[in-house]
Amino acid sequence: MTISSRVRRALTASSIGLAVAAGGLASASIAQAYDTSYTTISCKAVKVHKDPSKKSAVVGIAYRHDKGAYNQFAYKGAEKTWDTRGAVTRKSDGKKIRGYMIYDCANPYESNPAPKPPIPK
């Protein structure tokens, strides 16, 4: 029993479309979005930036054991670094800070150091 190439292409296209829709994945030029997940800050302190760049404005500082929710990873090719986008709630004053922080400090997998996603090609 053989399946024609048209049927195979249609099945492949529909399964990819379904996987993207079901997984909530969206891509951008420098980032890959995921469903929101929760984490803790693993570094002593980390600057939270407005954009995924070391040169962008700092919107706040997060400290070790502060709770956070992340929903996107961004790779900056010029800086060769991964950033995590999300919101951190500080334990000390309850302030919520939204922005990008260094991936290793955001620690989305509750380990130290966090496993990095593969570098985009």
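Just above, that's the structure.
Treat the numbers as computed from the prediction; the structure is a model and nothing was measured. (Residues numbered from 1 in each chain as written. Predicted model: local features only at pLDDT ≥ 70, side-chain atom pairs only at ≥ 80, totals over all residues. Heavy atoms only, no water.)

Undergrad: Would you mind showing me how to read the overall build of the protein chain here?
TA: What the protein chain contains, in helices and strands, is two helices and seven strands. Ordered by position from the N terminus, the helices and strands of the protein chain form the series α-β-β-β-β-β-β-β-α. Residues classed as buried in the protein chain amount to 33% of the 121 residues present. Within the protein chain, contacts between residues at least 6 apart in sequence are counted, and of these 48% link residues at least 24 apart. Working note: accessible area of the protein chain is about 8,000 Å², and carbon and sulfur atoms make up 57% of it. (Helix = DSSP H or I, 4+ residues; strand = E, 2+ residues; numbered from the N terminus. Buried < 20%, exposed > 50% of the residue type's maximum accessible area, 1.4 Å probe, protein only. Contact = heavy atoms within 4.5 Å. Areas by Shrake-Rupley, 256 points an atom, 1.4 Å probe, with all protein chains shown as cover.)

Undergrad: Looking at this structure, how should I read the state of the cysteines?
TA: Cysteine pairs can be covalently joined through their sulfur atoms, and such a bond is termed a disulfide. Enumeration according to the criterion identifies one disulfide in this entry. Two residues share a disulfide in this structure: Cys-43 and Cys-105, whose sulfurs sit 1.9 Å from each other. Measuring handedness by torsion sign, the sulfur bridge of Cys-43 and Cys-105 sits at about -80° and is left-handed. Placement of the pair is Cys-43 in the loop between strand S2 (31-40) and strand S3 (45-49) and Cys-105 in helix H2 (residues 103-106), with a sequence separation of 62 residues. (Disulfide = S-S within 2.5 Å.)

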